[in-house]
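So the chains spell out like this:
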Amino acid sequence: MERKQKKILGGAAAALCVCYLAGAAFFAGHTYPNSTVDGKDASLISYTRAQELITAAATEGSLGIRVKDLSYSLHRKDVLGVESRDNWKEALKDGSSFAWPVAIFQRHELLSKRTVDVHRDAVEKLLEEQGLFEVSIPAQDAKLSDYTADAGYSVLPAETGWSASKEDILNAVVEALQSDQSELDLTETFAVQPAVTADNAALAEKAAARNVLVNHDFTFFIGQATVQLDSETLNSWLRETRDGTTGLDYAALEDYVNGLQGQFEPQLAALSAEHGGENYVVDSERMMQILCAKLGINRPVRESEAQKAARLAANAKKLKAAKRAARREKDKAKAEQILKEAEAQQTQAPEYIATLKSEEDRAADAASPVLTASLRDGIFIENPDPDPAPAQAAVGAEATAAESQTAAEMVQTESVNGDTIAVGAAPVETETVESLTAEGNSGDESESGSAVKETPKSLNGEIVMAKDDLFVPVLAADPEFQLGHGLNYIDISIEKQRVILFENGRKVMESACVTGLPTRERATHYGNFRIAYKQRNRILRGSQNLYAAFVSYWMPFDGGIGLHDASWRGKFGGNIYQSNGSHGCINLPSAFAKQLYERITVGMPVYVH
């Protein structure tokens with residue numbers, strides 16, 4: 001019995017030993033249960049099969065590449081290989097195979113420690129075919145938006161660009177493949193930054209300036225008639241000076257204001273018929289002052305023909321000197337540089353662009369007397385009749401007295417140094433017209449959807465123009481009166497040999513005269529001037545003492561040229577000046593010179609044409 005038991009136990013031990021050794025032999029070439037290799041299930045497979053799985057896992061899937069909104073892709077199997085290794089078995093073993101009775105109940109997370117071989121030439125070829133190496137996106141600087149009536153101008157944000165060399169792209173892609181990445185975004189890696197961003201102060205200032213200039217919808221009034229100047233039109237006049245300053249095309253503004261005469265022609269003709277045929281005209285100079293004050297812009301000075309000729313002559317002189325110097329220079333490059341510098345030093349014509357004033361000056365313009373108008377039935381007549389008929393029936397003695405007081409008695413205007421100023425006593429009360437839209441109808445719209453602009457009620461008395469409602473200044477002028485010189489000026493016509501004194505737009509004095517002999521040395525100069533001073537009993541002497549003449553009334557306006565009496569002459573006017581003209585002065589009859597001297601003031605404009 002004992003012998004039988006021993007035999008059984010020996011058999012069992014032998015069987016166990018065989019099983020143990022068989023298991024050890026099996027697991028010497030296979031993985032344990034519950035094994036993963038590089039995260040992939042690899043339980044109970046041979047090391048050869050595990051190697052196949054590792055290679056397949058390394059080359060499956062693709063690498064997505066992004067550049068901004070562009071996408072590219074590489075299949076890993078097309079560009080990768082796994083390095084062949086003799087020690088795969090050692091890399092995949094997790095302890096001794098003789099420990100399998102215990103190991104089969106444990107988890108085994110194995111790493112293959114494989115080496116991925118990236119085929120760089122294949123990567124280059126595939127990306128070349130997809131066009132990645134040709135991508136170059138320039139950065140977009142922040143810039144101003146297009147104008148819209150609702151929002152005006154705003155600053156559009158900048159956009160980054162993108163640029164990279166082929167070598168840099170390949171290096172980044174190879175690195176991503178080696179590290180098993182599935183996505184590679186190169187947008188930020190090779191981003192090109194813009195030079196101007198949305199927080200740029202100059203850009204913000206330019207947007208603000210443009211909005212200030214165009215954010216208007218002007219309505220011009222003569223009585224019940226209106227003309228519109230909207231923001232779209234103002235926007236079309238935006239210009240930039242050579243130094244980048246924002247402004248408005250001043251010539252376009254002038255053309256528009258000068259065109260108001262034609263647009264209001266029916267109303268002006270009706271005024272003429274109502275007042276005995278007087279010539280009513282739009283005072284374009286005063287209108288420009290009003291509009292410029294509303295816009296808050298500087299008024300540029302137009303280059304005169306004489307200034308233009310002087311500028312061109314100076315430029316030609318500089319260029320001529322540079323050409324002489326270039327011809328003397330033996331070095332061709334230096335000669336070209338001399339000419340280039342001379343071209344750069346040429347004086348350019350002044351720009352006729354009205355730039356925006358400072359915020360402080362714009363605030364001062366808003367309170368300027370030029371925005372004050374004296375109305376009669378909603379019409380701004382600068383020089384009304386001395387005794388106008390009352391616009392409405394007076395109620396009570398006080399009303400009658402108030403309405404009979406003329407606008408000229410309340411406020412007089414005079415042009416001084418190009419600006420219209422108010423002189424004299426202002427009325428006790430001044431009305432500010434905030435809006436001419438009837439109360440309660442400001443939000444009404446027509447069937448077409450556009451806002452309805454109400455015609456103004458009949459306004460009388462002195463008002464200050466507010467908002468974008470502008471009363472067009474009108475003059476009851478003599479037919480020979482010319483705008484642009486103020487209401488009071490001296491008109492000298494060389495062609496007609498006449499001198500006229502205009503006061504308040506009307507002719508008050510006129511006389512024949514004799515102007516300078518039409519030669520280079522003695523001709524009277526054309527242009528706009530002002531009376532420099534007045535002097536009694538003066539001896540006028542010519543250059544090199546060619547002559548000496550005593551005059552009783554001396555009124556110079558152009559250096560040594562002026563108006564004066566000429567007692568030695570018996571006749572004036574006609575063609576006398578062509579053969580027996582003065583040395584440039586305006587010779588006048590003594591009686592007329594005396595009256596003119598007593599009537600004019602220092603600084604009064606003189607227009608010679």
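Just above sits the structure.
Cut-offs applied
- Residues numbered from 1 in each chain as written.
- Predicted model: local features only at pLDDT ≥ 70, side-chain atom pairs only at ≥ 80, totals over all residues.
- Heavy atoms only, no water.
- Buried < 20%, exposed > 50% of the residue type's maximum accessible area, 1.4 Å probe, protein only.
- Helix = DSSP H or I, 4+ residues; strand = E, 2+ residues; numbered from the N terminus.
- Pairing = 2+ DSSP bridges.
- Contact = heavy atoms within 4.5 Å.
- Salt bridge = Lys/Arg side-chain N within 4 Å of Asp/Glu carboxyl O.
- Phe/Tyr/Trp six-rings, centres within 6.5 Å; stacked < 30°, edge-to-face > 60°.
- Lys NZ or Arg CZ within 6 Å of the ring centre and 35° of its normal.

Participant: Give a detailed account of the pairing of strand S35 (residues 605-608), specifying residues and quantitative values.
Facilitator: Side chains of S35 alternate between two faces, with Pro605 and Tyr607 and Val606 and Val608 buried alike. In the sheet, strand S27 (residues 489-493) pairs with S35 via three bridges, with the strands oriented parallel. Its bridge partner being in S35, Asp491 is matched across the sheet by Tyr607. Sheet topology places strand S30 (residues 527-530) next to S35; four bridges connect them, and they run antiparallel. Within S35, the position partnered with Asn528 by the bridge is Tyr607.

Participant: Explain the side chain of Ser511 to me, and be specific about the residues and the numbers.
Facilitator: Secondary-structure assignment places Ser511 in strand S29 (residues 506-512). Judged by its relative accessible area of 8%, Ser511 falls in the buried class. Apart from the residues lying within four places of it in its own chain, the contact partners of Ser511 are Gln497, Arg498, Val499, Pro589 and Phe592.

Participant: I'd like a description of the pattern of salt bridges, backed by residues and values.
Facilitator: As enumerated under the stated definition, the model contains 18 salt bridges in all. Residue Arg120 pairs with Glu167 through a salt bridge whose shortest N-O separation is 2.9 Å. Pair noted here: Arg120 is in helix H6 (residues 120-130) and Glu167 is in helix H7 (residues 166-178), with a separation of 47 residues, a long-range link. Since its relative accessible area comes to 28%, Arg120 is described here as partly exposed. The shortest N-O distance in the salt bridge between Lys507 and Glu480 comes to 2.5 Å. One end of the pair, Lys507, is in strand S29; the other, Glu480, is in the loop between strand S26 (473-477) and S27, with 27 residues separating them in the sequence.

Participant: So, the packing of aromatic side chains: which residues are in play, and what are the values?
Facilitator: Centre distance and the angle of the planes are the two values used to describe a pair of aromatic rings. For the structure shown, the criterion picks out 12 aromatic pairs. An angle of 45° between the planes, with centres 5.4 Å apart, marks the rings of Tyr147 and Tyr153 as tilted. Each of the two residues, Tyr147 as well as Tyr153, counts as buried. Measuring from centroid to centroid gives 5.6 Å for Phe529 and Phe557, while their planes differ by 50°, and the two rings are tilted. Here the residue Phe529 occupies a position in strand S30, and Phe557 occupies one in strand S32 (residues 548-558), the gap between them amounting to 28 residues. Since its relative accessible area comes to 17%, Phe529 is described here as buried. Classification of Phe557 by relative accessible area gives buried; the value is 6%. A cation sits over an aromatic face here: Arg210 above Tyr153, 5.1 Å from the ring centre. One Lys or Arg, Lys534, reaches over the ring of Tyr597 and ends 4.7 Å from the middle of that ring.

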